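Read off the chains here:
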Amino acid sequence: MSEKFSDSLDFVPDSGIEQLEMLTIGSSLKADVLIEHNSIDSVHCSIQKMGDGMYRIVDLNSKGGIYFRGKRTKESLVSKKDTIQIGAYPISVGLLSAHFLDQLTTEIEDNNT
């Protein structure tokens with residue numbers, strides 16, 4: 001089963017996600033980050049950590065596509081402050097980036113100081 005992170009995103013803990021620099025996003029348990037929405041393919045796209053707070057989002061030949069700044073894109077470089085659209089579902093890159101272990105650790109440490 002998945003561990004719930006928010007109302008709409010699930011984290012699949014058995015995937016070894018804490019060691020990955022890239023996550024897949026989709027509507028099935030095959031994806032590292034689960035978003036249950038009818039416009040999202042089972043494995044829709046990926047997000048890769050690039051460093052310096054930047055992430056590369058890549059469409060994995062989905063039907064609904066990914067959108068950045070209102071335009072459909074196959075691949076875009078985005079920051080945590082950006083919002084992207086996966087299929088018809090808008091989402092903050094910051095929320096997605098929180099699924100990388102070091103980001104979660106940093107936020108926990110920041111909250112404890």
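Bear in mind that the values here come from a model prediction, so they are computed numbers and not experimental data. (Residues numbered from 1 in each chain as written. Predicted model: local features only at pLDDT ≥ 70, side-chain atom pairs only at ≥ 80, totals over all residues. Heavy atoms only, no water.)

Caption draft 1: Geometry of the overall build of the protein. Along its length, the protein carries two helices and 11 strands. Across the protein, helices and strands are ordered from the amino to the carboxyl terminus as β-β-β-β-β-β-β-β-β-β-β-α-α. The 113 residues of the protein split such that 42% are buried. Contacts spanning at least 24 positions in sequence make up 32% of the contacts within the protein whose residues lie at least 6 apart. Working note: accessible area of the protein is about 6,500 Å², and carbon and sulfur atoms make up 50% of it. (Helix = DSSP H or I, 4+ residues; strand = E, 2+ residues; numbered from the N terminus. Buried < 20%, exposed > 50% of the residue type's maximum accessible area, 1.4 Å probe, protein only. Contact = heavy atoms within 4.5 Å. Areas by Shrake-Rupley, 256 points an atom, 1.4 Å probe, with all protein chains shown as cover.)

Caption draft 2: Up close: the pattern of salt bridges. Following the criterion strictly, the structure yields one salt bridge and no others. In this structure, the salt-bridge partner of R56 is E75, at a minimum N-O distance of 3.2 Å. Taken together, the positions of R56 in strand β6 (residues 54–59) and E75 in strand β9 (residues 75–79) put the pair 19 residues apart, joining distant regions of the chain. The class of R56 is partly exposed, set by a relative accessible area of 26%. (Salt bridge = Lys/Arg side-chain N within 4 Å of Asp/Glu carboxyl O.)

Caption draft 3: Up close: the side chain of D82. Within the secondary structure, D82 is located in the loop between β9 and β10 (83–86). Buried and unpaired, D82 has no salt bridge, with R69 as the nearest side chain of opposite charge at 4.2 Å. Setting aside its immediate chain neighbours within four residues, D82 contacts F68, R69, I91, S92 and V93. (Lys, Arg positive; Asp, Glu negative; His and termini not counted.)

Caption draft 4: Region of interest: the nonpolar core. Counting 19 residues, the largest nonpolar core has I25, I47, I57, I84, I86 and L96 as its most contacted members. Elements represented by at least two residues in this core include exactly β3 (22–26), β4 (33–35), β5 (45–51), β6, β7 (66–68), β10, β11 (89–92) and α1 (93–97). Excluding residues that lie within four positions of it along the chain, I47 makes contacts with E21, M22, L23, I25, Y55, R56, I57, V93, L96 and F100. (Core = buried A, V, L, I, M, F, W, Y, C linked by side-chain atoms within 4.5 Å.)

Caption draft 5: Seen up close, the environment of V33. By the element assignment, V33 lies in strand β4. The exposure class assigned to V33 is buried, which follows from its relative accessible area of 0%. Sequence separation between V33 and V43 is 10 residues, and the spatial gap between their C-alpha atoms is 9.3 Å.

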